[in-house]
Amino acid sequence: MTTIPADTAGAHDAHHDLPYLARKGGWATTVWDWMTTIDHKKIGVMYLFAILIAFFVGGVAALTVRLELWSPVQTVQNAAGESVVTGREIFSSNTGYNKAFTLHGAVMVFLFIIPSIPAALGNFVLPLMLGAKDVAFPRLNLFSWYVYVVGSLFAVAAILLGGVDTGWTFYTPYSVIAEDYHRVIAMTLAVFILGFSSIFTGMNFIVTVHKLRAPGMGWFDMPLFVWGIYATSIIQVLATPVLGITVLLLTIENVFKIGIFNPAYGGDPVLYQHFFWFYSHPAVYIMILPGMAIMSELIAVHARKRIFGYKFVAFSSLGIAAISFIVWGHHMFTAQGELASAIFSGLTFLVAIPSAIKVFNWTATLYKGSIAMTTPMAYALIFMFLFSIGGLTGLFLGSLSTDMHLHDTYFVVAHFHYVMMGGTVMALLGGIHHWWPKMFGKMYNERWALVGAALVFVGFNTTFFTQFILGTKGMPRRYATYVPEFQSLHQLSTIGSMILAVGFLVHLMVFVMSLAGGRKAPPNPWGGLSMEWETASPPIEHNFHHEPVVRHHPYDFDDTVPPQTDPAEFPLPEPAPAGRGH
Amino acid sequence: MTTIPTTGPGAGVQASAEPWERYTHQPHWRNREDEFEGAKLGMWLFLSTELLLFSGFFCAYFVLRHFYPDAFRGASTHFLDWRIGAINTAILLISSWNVAVAVRAAQLGQKMILAGNIFFASLCGVAFLVLKLALEYFPKIQKGEVPGAFFSYAGGHGYDPSPYDPIFLSVYWVSTATHGFHVLVGVLLLWWVGWRALKGHFGPKHYTAVENVGLYWHLVDLIWIFLFPLLYLVP
Ligand code: HEM
Ligand SMILES: [Cu+2]
């Protein structure tokens, strides 16, 4: 069998040693170089920019929703005795409000959070962690980015043409009888196209993990980030096609007026709900598993501790992936038979087990670690706190009797924000800070980043904890108005969203400052042991000078000197007292 | 698609050799075996997504047939001619056999047998599409046997349409059209492979594209084998 040495002496020209960010020429050349690149690192950075733009758009929509809720819409008598409508802060009609939260939900879910961690950080980090030169199918990787962009353009078109007010779930029959159905077509097509992008990324990562691990790297030598992304990819590949066919059918229903879901022609709208949630429940694990994947890295590296229960953490990812396929019915307790509901309720509790295993393992890892209070660690702690609340409230919703009361209230809204934002987005922020020095070769300002993290934490809880209370008091979701008794809680929530916005702006400022004039990053600023820390910051074009070989476990902090670090900065821990050793 | 390296292990091979003999692998793979296995794994993953996509149609079919068993029976026998379906099934089965032979020919380095079988299979695909369009789709559109709101079939021949006929036709049109689109893509892929085969791109050591397009073609065939009885042979 012929194996090519990584560096064939003659063929090794100098430009392969340049950092991947090095410019290849003038302005136009550089743009062309990025737009046609098949380098996983550049594609990862391109995804990062794309999803941050989506996050911004979705965020602005969320702020308008919160501002509209500043006061209830009321018809009151003015001094002259005429009735006037007060409390319309932003939108002149309920439809405007409905469009804003649909826009928010659809953009955040399909354009931001689903591609976020896998496509942006995963693309950048996963091949490096495996010691590979690239993902398995680099051209498919670039293609998937373009597919993402085209899908997003469809979504933008739907918005610019006047928006969609169906909610991000596009429930039938509403979505097939909406008067603005041509925009619904654009939106569902967008989701269909975005699904392909997600499938391609997933396929790429699965094959990369199977076939491109560095020599000597067994499955259990992989960093846990890779395990998490691998499990996510399996869900992406196996669940997204069902969403694809669902929204494709929905699109065809709208274009050709056929009746598969539309009861007007004899179709079955509940079938739509089954199809939709068969994807969208697993999809919530497409969103959270990558967050958990990042968590294991943040906790272990910034506490300089061998991860507790490596195999449990690894297999719980696969466990979550498997269970996630059989619990979709818990979104339809009110739309299906009692027996089905009871079964789905029971299954739903199962899914909490692997999630809890992870949280316990992270906590155990922190125990007696040398914790560095960096921004990534701060976000890891925030994640544990918020995700626990989100997961536990999921159990309330999974119990039939409580869900009958809480279904379609703000309690659900708070629950999923605690898991998706408190979980995934916090992990994403932690991950961006963790790999920022590697990606851009610059350090960020730790103090200001911590200020940002604190604002985000406070803002988040102010915004969403109030919504748990609103929900239990009976505030229904998706309404532009409410009874006046709820006003103070709604206002508190809106103030929280402002604090959040300020926190994000602080982060943005930190990133811009870092790019503009940050200190040059060392190759391994945190003393990490996985392979991405063995190459330069930013990595060279072909990732490694020599094909890396696995010499130690990625979490062997007890007896491995981190590569490329100053021993004074990252000393090995004191040897364990006799009798406790290996 | 394939870049033939001028340096590296393949470089020593004589310039007169066929392209497949000079091909090594793309630079990010460690060796040719890994590259081939990786591409095949990717293809299997893709096929599983295709299967899941079509499982949506099957699911919708069973649910709706469960709701309207009589309409499905009536509409199937009245609107669809099982003989056309059967001929198309036979055509696809034959083409699948050709594709299998082509893969074997690639492994044995028989260039002309490879290309011949690939092109023959693609002709089968074209025949399938022509039959479908000429004998089913166009007449159906003319007679108004179309789904949903556009259904305008006037009846006749002693058949009185059920109000749920359009539902059956919805499933029929959507699933066969999606399948037909896959056949079309398959034909284009077969042309691409055939053309590359003629240029000598495939041989015992390198036939990834033949293998993968072959797998795709078998899947398209397999899906039709399920669609045919479900749509045309409702008892
Ligand atoms: C411990 C694990 C979890 C359990 C037991 C759970 C349970 C539930 C239940 C029963 C509902 C339906 C409530 C209703 O509509 O009445 C729900 C809604 C939801 N959950 Fe979870 N969940 C869990 C974790 C997650 C995670 C990790 C995410 C996302 C990252 C998530 C995202 C959502 C979303 C988006 C909805 C609302 C969908 C909508 O109607 O718009 N959940 N959850
Ligand atoms: Cu769910």
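Above: the structure in question.
From a predicted model like this one, the values you see are computed outputs, not experimental measurements. Per chain, residues are indexed from 1 in the order of the written sequence. Lettering for chains starts from A, numbering for ligands starts from 1, and both go in the order in which the items are written. Per-residue local features are limited, in this predicted model, to residues with pLDDT of at least 70; the limit for side-chain atom pairs, both in listing and counting, is 80 or more; totals at the level of whole chains, interfaces and linings are taken over all residues. Just so you know, side-chain values use all the structure's heavy atoms and leave hydrogens and water out.

Some thoughts on a nonpolar patch on the surface
All names here are of chain B. The criterion, for reference: Residues enter a patch when their relative accessible area is above 30% and they make no salt bridge; the linking distance is 9 Å between like charges and 5 Å between nonpolar side chains (Val, Leu, Ile, Met, Phe, Trp, Tyr). Values of accessible area rely on a 1.4 Å probe in the Shrake-Rupley scheme; residue burial ignores everything except the protein chains shown. Salt bridges are defined as contacts in which a side-chain nitrogen from Lys or Arg sits within 4 Å of a carboxyl oxygen from Asp or Glu. Only DSSP runs of H or I with at least four residues qualify as helices, and only runs of E with at least two residues qualify as strands; both kinds are numbered from the N terminus onward.
Among the surface-exposed residues, Met112, Phe119, Phe181, Leu184, Leu188, Trp191 and Leu198 lie close enough to one another that they form a single nonpolar patch of about 690 Å² accessible area. Every element with two or more residues in the nonpolar patch is listed here: helix H5 (111-143) and helix H6 (165-198). The greatest single-element share of the nonpolar patch, amounting to five residues, is contributed by H6.

Some details on the environment of A:Phe170
All names here are of chain A. Let me state the cut-off plainly: Pairs of residues are marked as contacts when any of their non-hydrogen atoms sit within 4.5 Å.
Summarising the element assignment, Phe170 is placed in the loop between helix H4 (138-160) and helix H5 (174-177). Separated by 111 residues in sequence, Phe170 and Gly59 place their C-alpha atoms 20 Å apart. If near-sequence neighbours (up to four positions away) are discounted, Phe170 is found in contact with Phe110, Ser175, Met187, Thr188, Val191, Leu250 and Tyr272.

Focus on the coordination of the iron atom of ligand 1
Selection criterion: Counted as coordinating are nitrogen, oxygen and sulfur atoms within 2.8 Å of the metal, or 3.2 Å for Na, K and Ca, while water is not included, which may make sites look incomplete.
Exactly one donor from the protein chain reaches the iron atom of ligand 1: A:His415 (NE2), at 2.2 Å. Following the sequence through the fold, A:His415 ends up in helix H13 (residues 410-440).

Concerning the environment of A:Val150
Residues and elements named next belong to chain A. Short version of the rule: For each residue, the accessible area found with a 1.4 Å probe, counting protein chains only, is set against the maximum for its type, and the residue is called buried under 20%, exposed over 50%, and partly exposed in between.
Within the secondary structure, Val150 sits in helix H4. Overall, Val150 belongs to the partly exposed group, its relative accessible area being 39%. Along the sequence, Val150 and Leu194 sit 44 residues apart, while their C-alpha atoms lie 8.1 Å from each other.

Focus on the interface of chain A and chain B
The condition is simple: Counted as a polar contact is a pair of N or O atoms within 3.5 Å, where, for protein atoms, one must be capable of donating a hydrogen and the other of accepting one, and residues adjacent in sequence contribute only when both atoms are in side chains. Gly counts as polar in this scheme, as do all residues outside two lists: the nonpolar Ala, Val, Leu, Ile, Met, Phe, Trp, Tyr, Cys and Pro, and the charged Asp, Glu, Lys and Arg.
Contact with chain A, which involves 42 residues of that partner, is made by 40 residues of chain B. Note that B:Arg30 and A:Glu547 form a salt bridge whose closest N and O atoms lie 2.6 Å from each other. Where chain A packs against chain B, one counts eight residue pairs in polar contact (both at pLDDT 80 or more). Secondary structure elements with two or more residues in the side of chain A that touches chain B: H4, helix H6 (181-211), helix H7 (224-256) and helix H8 (269-303) of chain A. In terms of residues, the side of chain A that touches chain B owes the most to one element, H7(A), which gives nine residues. In terms of residue class, the side of chain A that touches chain B is made up of 28 nonpolar, six polar and eight charged.

Points about the site of ligand 1
Residue and element names in this part refer to chain A. We count it as follows: Each residue is tested against the molecule or strand, and it is near if at least one of its non-hydrogen atoms lies within 4 Å.
In the vicinity of ligand 1 lie 23 residues, with Asp403, His407, His415, Phe416 and Arg477 positioned nearest. At 3.1 Å, a side-chain N or O of Trp168 approaches an oxygen atom of ligand 1. Counting only elements with at least two residues in the shell around ligand 1, the list comes to H8, helix H10 (338-366), helix H11 (375-398) and H13. The residue inventory of the shell around ligand 1, partitioned by class, reads 13 nonpolar, eight polar and two charged.

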